[in-house]
Amino acid sequence: MAAVVALALLLAGCSDEPAPPRVPDSTGSAPPPAPSVFYLDPANPAEAEAQRRAAQGDSAAAEALGTIGSRPSAKWLTGGAVRDEVDALLGQAAIAGQTPVLVVHNVPQRDCGRRGGGGARTGAEYQAWIREVAAGVAGRQVIVVLEPGALPDAVAGCVADSAGRLALLRDAVTVLASTGNARVYLDAGHPGWIRDIGALAAALRRAGVAQADGFALNVANFVRTGDNVTYGHRISDALGGDTTFVIDTSRNGNGPYPADRVGGAPSWCNPPGRALGEDPTADPGLPRVDALLWIKFPGESDGDCRPGEPPSGKFWPPYAISLARP
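Residues numbered from 1 in each chain as written. Predicted model: local features only at pLDDT ≥ 70, side-chain atom pairs only at ≥ 80, totals over all residues. Heavy atoms only, no water.

## So, the overall build of the protein
- Looking only at helices and strands, one finds 10 helices and nine strands in the protein.
- A buried classification covers 53% of the 326 residues belonging to the protein.
- Across the protein, the fraction of contacts at a sequence separation of at least 24, relative to all contacts at a separation of at least 6, is 72%.
- Summed over all atoms, the accessible surface of the protein reaches about 12900 Å², with 53% contributed by carbon and sulfur. (Helix = DSSP H or I, 4+ residues; strand = E, 2+ residues; numbered from the N terminus. Buried < 20%, exposed > 50% of the residue type's maximum accessible area, 1.4 Å probe, protein only. Contact = heavy atoms within 4.5 Å. Areas by Shrake-Rupley, 256 points an atom, 1.4 Å probe, with all protein chains shown as cover.)

Dropping the structure here:
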């Protein structure tokens, strides 16, 4: 309950009403979105593509893309010079009176080779990079989802040094929390990943969840919200019962694909027939759930898993349209 109250105070003064779809008018422009508690980057790729389709007279595609472009999504940080990028984003969000959501995703041996891998070369390089992120935050309001997949991978044993991985996460929590107004959520995977709740809770403790504001579930995945709530309560119970969490609802409207593979590739990678989930909100009305967020940007590819699919992170208009018009 304390975390829920704290998040409400952090976001005070902002409306949490979901933005309606942005339907282009006959001139190709779109009305401004309704105010949102979370930062909506007006330069997002779905909005740009919606305007392009509207100019071509494809109003149906423009409306579908506008549904995505008018909802706030997270900004992913995956390496490189980051301080100025974070500073600029938080400055824009402050002017808009909204709270941005950042995803920090640069831990060494990132994704254990999935989705192209990558990440910082060494632990020391990662620690220096995290401090640059924190310097960009500079005490301003922000929600940070910390390292999708990093902790579940450590529990699953796919990293060479699981203890070192958890120590890096703990250091990141400490550094980011020290900025003052950052709310930090450690990623804990999704219900279909780690079944041993005790092992997951123990790893969360070692990674500093007590110093964070909770954990995150379903990042870039498709598991239905209700199943994530049930799973989150089991994790929270194992941590003492008062740890709260956030859920990525960007693409979970139809739940996960009903098989492990589709078209010769893993079903977590651009599965067909999926749909947008609940709109982002800081008032989900669900016990121990601080917020529903769009953490994965709907329409960004999960990877070039099948012929013709773009690489991970590239915006893919046909897939975005399919999510908005399932």
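Read on for the rest.
## A word on the pairing of strand 6 (residues 245-248)
- Of the two faces of strand 6, the one carrying Phe245 and Ile247 and the one carrying Val246 and Asp248 are both buried.
- Sheet analysis places strand 5 (residues 214-217) next to strand 6, joined by three bridges and oriented parallel. Counted as the bridge partner of Leu217 is Ile247 from strand 6.
- Following the backbone out of strand 5, through helix 9 (residues 225-238) and into the adjacent parallel strand 6, one traces a crossover that is right-handed. (Pairing = 2+ DSSP bridges. Right-handed = clockwise from strand over helix to strand, strands pointing away.)

## A short note on the confidence of the model for the protein
- Residues with a pLDDT of 70 or more make up 88% of the protein, whose mean pLDDT is 90.
- Mean pLDDT per element in the protein: helix 1 (residues 2-10) is the minimum at 49, and strand 5 is the maximum at 99. (pLDDT = per-residue confidence, 0-100.)

## Section: helix 8 (residues 197-206)
- All of the buried residues along helix 8 are Ile197, Leu200, Ala201, Ala203 and Leu204. Viewed along the axis of helix 8, the buried residues span an arc of 160°, placing them on a single side of the element.
- The inward-facing, buried residues of helix 8 abut helix 6 (150-156), helix 7 (162-177), strand 4 (182-187), strand 5 and helix 9.
- A side-chain oxygen of the first residue of helix 8 lies 3.2 Å from the backbone nitrogen of Gly198; this N-cap is Asp196.
- Just downstream of helix 8 lies Gly208, where phi reads positive at about 95°. (Arc of directions from axis to C-beta. Polar contact = N/O pair within 3.5 Å; in protein donor to acceptor, adjacent residues only side chain to side chain.)

## Quick notes on the nonpolar core
- Of all hydrophobic cores here, the largest spans 54 residues; its most connected members are Tyr126, Leu146, Leu204 and Ile235.
- With seven residues, helix 7 is the single largest residue contributor to this core.
- Excluding residues within four positions of it along the chain, Leu204 makes contact with Leu151, Leu186, Ala188, Val209, Phe215, Ile235 and Leu239.
- In terms of nonpolar packing, the next biggest core, distinct from the first, is built from 16 residues, Ala50, Ile68, Leu276 and Ala320 among them. (Core = buried A, V, L, I, M, F, W, Y, C linked by side-chain atoms within 4.5 Å.)

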